[in-house]
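# Coordinates in review
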Amino acid sequence: MARYIVHRLLLMIPTLLGVAALVFLLLRVLPGDIVELKYAGSGTFAPREAIEREKAQLGLDKPLWRQFVDWIGGIARLDFGTSMWTGRPITYEIAIRLELSLELAIMATLVAVLISVPLGTIAALKQDTWVDYFVRIFSIAGLAIPSFWLGIIIILVFIIFFHWLPPLTFTSFRVNPKANLQQLIWPALAVGYRYSAVATRMTRSAVLEVLREDYIRTARAKGLWEKTVLTRHALKNALLPVITVLGLEFAFLVGGLVVTEQVFNLNGIGKLFVEAISQRDYTMVQSLVVLTAFVFIFVNFLVDLVNALIDPRIRYQ
Amino acid sequence: MTMAQETARAARTRASGRRIRAWLRVALRFARRRPLGAAGALIILVMLAAAVLAGFIAPYDPLTTDYAAMLQAPSAPHWLGTDAFGRDVLSRIIYGSRTALIVGFCASFLGASLGTVMGVASAYFGGKTDLIVQRFMDLLLSFPLIVLALVVVAVLGTGTLNVILAIMVPMIPRAALVARSSALSLRETPFIDAARALGFGHARIIFRHLLPNVMAPYLILLTAFLGQAILLEASLSFLGLGVAEPVPAWGLMLSGAAVEFAERAPWMAIFPGIAISVSVFAFNLFGDSLRDALDPKLRVS
């Protein structure tokens, strides 16, 4: 197992370098220079010397390969460079927002699991009854309803019926756990519902499949309680594909965070990303993209690892 | 007109009549066997009609502002109310279906087509070409869908054409992956060997022999992408990184003012969202049914 982990971790390095190179090149083949583009986009006049100074500051006067090597070397030391917009270190800008986004992501995942596993199991146990149909419609609707609209509707309901507005500032869990959870549960629900849609369908079909297995019949024939059969024999085995799906759907979680932070006015990584794009903050964009790709690749690796830990049949070389 | 010409023409008309009837039969059988898919197709047809006939159906011009009729609640003259500029919400939703469909269709069609051609070509050539193309596709796949789209927006900027490109790019590797695996088994079949033995060029073998045989997965991909593309367009426009004002687009209608005036004019936030959800729902239903109908592996079970 240890060898497998090391092997997989080492394999990530070329992928990440490729991702970084791709993003770097994409943002450098832009017609024109990123500093000039930034000023052109902002509509303000900048004297020649100011542009040259900013270029030198960002290291843009160096040859392309040198810029790339510097950037990668910085990332390896967790130094992403300076934001072209705020002038502050990118690592700092990310660090102050990381807690919020991370907490929101974890809560949304929890919401997704808490929706999909019970609903999918009930639907499978009551196959082809109205319960099953309801769950299926509920999950198909989750794929169609955009999470930002669900967020807007949640806010709408609160404003109209409770005259409550989402707070403008973020309260950390360490400062005030109750206020923190009250603030984040609604965006987490908006993202989590979308996230749960495929997982619910997967749970349903996985439980249906497992229930037909011989060992379930054996367990029942032994006279085990139905509850034991369900939790110890069926669910444990059905969970494997569900975890895989949750990992694959992680991309939707990222997308959900990006739009939902906007709706609920949460100053997280997703909002930072959107702002960086509209402000043409290219150094910030390239850093955030590489960071997201890294998290994405790492989550896929974790899913494989969890699968191997849960299922003794899976043996990786 | 000579006799021969006339018979030829009659035969052609008969043949086209037969083809139309054959298509109708297929469509009817699809509707009978898969009522949900047919319901999805029906909603899509309604959307198409609304998009094509927007000029006739919409009660108002979607761009005309009317400051005397700002933030009006749904009423007889304005069925779904008006927005912060006094524009009719219903008319903007009807015209918005144009944006959604044009962006959705173009992006999915281009993404699925380019991806399929690349996947098939990669499988056909094999060896080093295949390896390089696959590594590149793997790179593109290590970005979440919306992140890659946002990168393209960051490079190209906003606007309808750029949004189409931004949505198309993340679709390409996903299409290439599926098309490649279908084409890998085709590559070994005798008719491809025969085509090679006849001395056909690579392009001819790929376009005339391999591509027609991956039509089923291609169509499945195309319909699966449509719903996603519409959703992605709405998300990008909502973020202000998609189509730009004053183009009527559902996602755009939900951004900014919709939340600002939530208490006074909730209809502004409710109806465009319903339009997005219903259309994505329809495309998903239709796509799922089409997949079940076309995929022989799933048909057995």
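Just so it is clear, the model here is predicted, and its values are computed rather than measured. (Residues numbered from 1 in each chain as written. Chains lettered and ligands numbered in written order. Predicted model: local features only at pLDDT ≥ 70, side-chain atom pairs only at ≥ 80, totals over all residues. Heavy atoms only, no water.)

## Points about the overall build of chain B
If you tally the helices and strands in chain B, you get 14 helices and zero strands. Its helices and strands taken in sequence order, chain B reads α-α-α-α-α-α-α-α-α-α-α-α-α-α from the N to the C terminus. Buried positions account for 49% of the 301 residues belonging to chain B. Partitioning the contacts of chain B with sequence separation of at least 6, the portion at a separation of at least 24 is 71%. Summed over all atoms, the accessible surface of chain B reaches about 14500 Å², with 68% contributed by carbon and sulfur. In chain B, the 26 positive side-chain charges and the 16 negative ones have mean positions that sit 17 Å from each other. (Helix = DSSP H or I, 4+ residues; strand = E, 2+ residues; numbered from the N terminus. Buried < 20%, exposed > 50% of the residue type's maximum accessible area, 1.4 Å probe, protein only. Contact = heavy atoms within 4.5 Å. Areas by Shrake-Rupley, 256 points an atom, 1.4 Å probe, with all protein chains shown as cover. Lys, Arg positive; Asp, Glu negative; His and termini not counted. Charge placed at Lys NZ, Arg CZ, Asp CG, Glu CD.)

## Details of the layout of surface pockets
Residue and element names in this part refer to chain A. Roughly 1400 Å³ of internal volume is contained in the second largest pocket. If you trace the second largest pocket, you find 48 residues lining it, with F250, L291, T292, F294 and V295 closest to the centre. For the lining of the second largest pocket, the elements supplying multiple residues, two or more each, are α1 (2-28), α4 (64-76), α5 (90-125), α10 (226-248), α11 (250-263), α12 (269-278) and α13 (282-310). (1 Å grid on protein atoms, 1.4 Å probe; cavity = no way out; pocket = protein on both sides within 12 Å on 5 of 7 lines; lining within 4 Å. Points joined across faces, edges and corners; volume = space filled by probe spheres on them.)

## Quick look at the packing of α1 of chain A against helix α5 (residues 127-141) of chain B
One can describe the packing of α1 of chain A onto α5 of chain B by two numbers: an axis separation of 10 Å at closest approach and a directional angle of 80°. By the angle between their directions, the pair α1 of chain A and α5 of chain B is classed as roughly perpendicular. Between α1 of chain A and α5 of chain B, the residues in contact are T15, G18, V19 and L22 of chain A and F136, L139 and L140 of chain B, respectively. Taken together, the residues of the contact of α1 of chain A with α5 of chain B break down into five nonpolar, two polar and no charged. (Axes fitted to C-alpha atoms, helices over the stretch in contact; angles between N-to-C directions. Parallel < 35°, antiparallel > 145°, perpendicular 65-115°, else oblique. Nonpolar A, V, L, I, M, F, W, Y, C, P; charged D, E, K, R; others polar.)

## Considering the side chain of T121 of chain A
Mapping T121 of chain A onto the fold places it in helix α5. Dropping the residues within four chain positions of it, T121 of chain A is found in contact with S116, T203, V207 and L235 of chain A.

## Focus: α10 of chain A
Residues and elements named next belong to chain A. Here α10 is 23 residues long and its end C-alpha atoms lie 32 Å apart, about the 33 Å a rise of 1.5 Å per residue gives. Largest kink in α10: about 45°, centred on L235. Turning to α10, its buried residues number three or more, namely V229, L230, A234, L235, A238, L240, V242, V245, L246 and G247. Structurally, α10 contributes buried residues whose contacts are with α5, α8 (177-211), α9 (214-221), α11 and α13. (Expected span 1.5 Å × (residues − 1). Bend = angle between axes of the 7 residues up to and from the residue.)

## Points about the domain arrangement of chain A
Where interface size is given, it is often the accessible area lost as the parts come together that is meant. Residue and element names in this part refer to chain A. For chain A, the assigned domains read domain 1 (2-77) and domain 2 (91-310). Counting residues at the interface gives 21 residues for domain 1, matched by 17 residues for domain 2. Roughly 1700 Å² is buried in total at the junction of domain 1 and domain 2, and carbon and sulfur atoms are behind 80% of that figure. On the surface where domain 1 and domain 2 come into contact, there are one salt bridge. R8 is the partner of D304 in a salt bridge, and the nearest nitrogen-oxygen pair spans 2.7 Å. (Domains from an automatic or database assignment. Buried area = accessible area lost by both parts, 1.4 Å probe. Salt bridge = Lys/Arg side-chain N within 4 Å of Asp/Glu carboxyl O.)

## Comments concerning the interface of chain A and chain B
With 41 residues of chain A at the interface, the matching set in chain B holds 36 residues. Carbon and sulfur atoms make up 84% of the surface buried where chain A meets chain B, a total of about 3400 Å² over both sides. At the boundary of chain A with chain B, the tally comes to one salt bridge. Scanning the region where chain A abuts chain B turns up two residue pairs in polar contact (both at pLDDT 80 or more). Those elements that place two or more of their residues in the side of chain A that touches chain B are α1, α6 (130-144), α7 (147-162), α11, α12 and α13 of chain A. Taken together, the residues that form the side of chain A that touches chain B break down as 33 nonpolar, seven polar and one charged. (Polar contact = N/O pair within 3.5 Å; in protein donor to acceptor, adjacent residues only side chain to side chain.)

## Re the nonpolar core
By size, the foremost hydrophobic cluster in this structure holds 134 residues, and its most contacted members are F148 of chain A together with F143 and I167 of chain B. Not counting the four nearest positions on each side in its chain, F148 of chain A is found in contact with V259 and V263 of chain A together with A234, S235, F238, L254 and I276 of chain B. (Core = buried A, V, L, I, M, F, W, Y, C linked by side-chain atoms within 4.5 Å.)

## Quick look at a positive patch on the surface
On the surface, R14, R18, R19, R21, R25, R29, R32 and R33 of chain B cluster together into a patch of positive charge. Following the sequence through the fold, R33 of chain B ends up in helix α1 (residues 3-33). (Patch = residues over 30% accessible without salt bridge, like charges linked within 9 Å, V, L, I, M, F, W, Y side chains within 5 Å.)

## Description of the packing of aromatic side chains
What the rule picks out here adds up to twelve aromatic pairs over all chains. With a centroid separation of 5.8 Å and an interplanar angle of 50°, the aromatic rings of F298 of chain A and F301 of chain A are classed as tilted. Linking F298 of chain A with F301 of chain A, this pair stays in helix α13, spanning three residues, or about one helical turn. Taking relative accessible area as the criterion, F298 of chain A reaches 30% and is therefore assigned partly exposed. Sitting over the ring of F200 of chain B, R204 of chain B keeps its end group 4.2 Å from the ring centre. (Phe/Tyr/Trp six-rings, centres within 6.5 Å; stacked < 30°, edge-to-face > 60°. Lys NZ or Arg CZ within 6 Å of the ring centre and 35° of its normal.)

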